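For reference, the chains in residue letters:
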Amino acid sequence: MTTTHDIENDSGCPAEGLLKMLSGKWKPQIFRLALDGPIRFNAVLRQIEGSNKQSIAVALKEMEEQGLLEKTIIKLKPLHIEYNLTPKGTSLISVFRQLETLT
């Protein structure tokens with residue numbers, strides 16, 4: 001008898017979930033920028049060398065869906081959007097910093 005093993009629900013390694021959340025093009029760099037406060041799309045695009053609009057937009061959307069970032073629409077003139085770390089994202093800062101020291 002063969003049983004299937006669901007990696008999503010029972011990975012056996014707690015760090016695997018964090019690594020999956022931050023894996024992908026530009027996500028670690030975006031997370032790092034968000035550590036300093038609210039970030040805006042064009043600022044991220046300028047600060048991450050080699051990035052493009054589509055890849056940054058996809059990464060921001062995925063991070064928002066994963067609950068790491070929250071999108072806030074600022075209704076001042078000119079209208080703009082900021083991304084902030086959520087409580088879930090904030091709780092991962094110490095783990096992220098530890099990962100940074102390993103390199």
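Quick note: structure is the one above.
Cut-offs used in this document
Residues numbered from 1 in each chain as written. Predicted model: local features only at pLDDT ≥ 70, side-chain atom pairs only at ≥ 80, totals over all residues. Heavy atoms only, no water. Salt bridge = Lys/Arg side-chain N within 4 Å of Asp/Glu carboxyl O. Helix = DSSP H or I, 4+ residues; strand = E, 2+ residues; numbered from the N terminus. Buried < 20%, exposed > 50% of the residue type's maximum accessible area, 1.4 Å probe, protein only. Pairing = 2+ DSSP bridges.

Tallying each qualifying case throughout the model produces 1 salt bridge. Of the charged contacts in the structure, one is a salt bridge between K27 and E62, with a shortest N-O distance of 2.8 Å. Note that K27 is positioned in helix α2 (residues 27-34) and E62 in helix α4 (residues 53-65), a separation of 35 residues in sequence. Of the residues examined, E62 reaches a relative accessible area of 32% and is grouped as partly exposed.

With that out of the way, let us pick up the pairing of strand β3 (residues 80-85). Of all 6 residues that make up β3, 5 are buried, and the element is covered over most of its length. Relative to β3, strand β1 (residues 39-40) runs antiparallel, the two sharing 2 bridges. In the strand pairing of β3, R40 is matched with E82. Two elements, strand β2 (residues 69-74) and β3, share 6 bridges in a ladder whose sense is antiparallel.

Without other data, these values stay purely geometric and don't point to any function.
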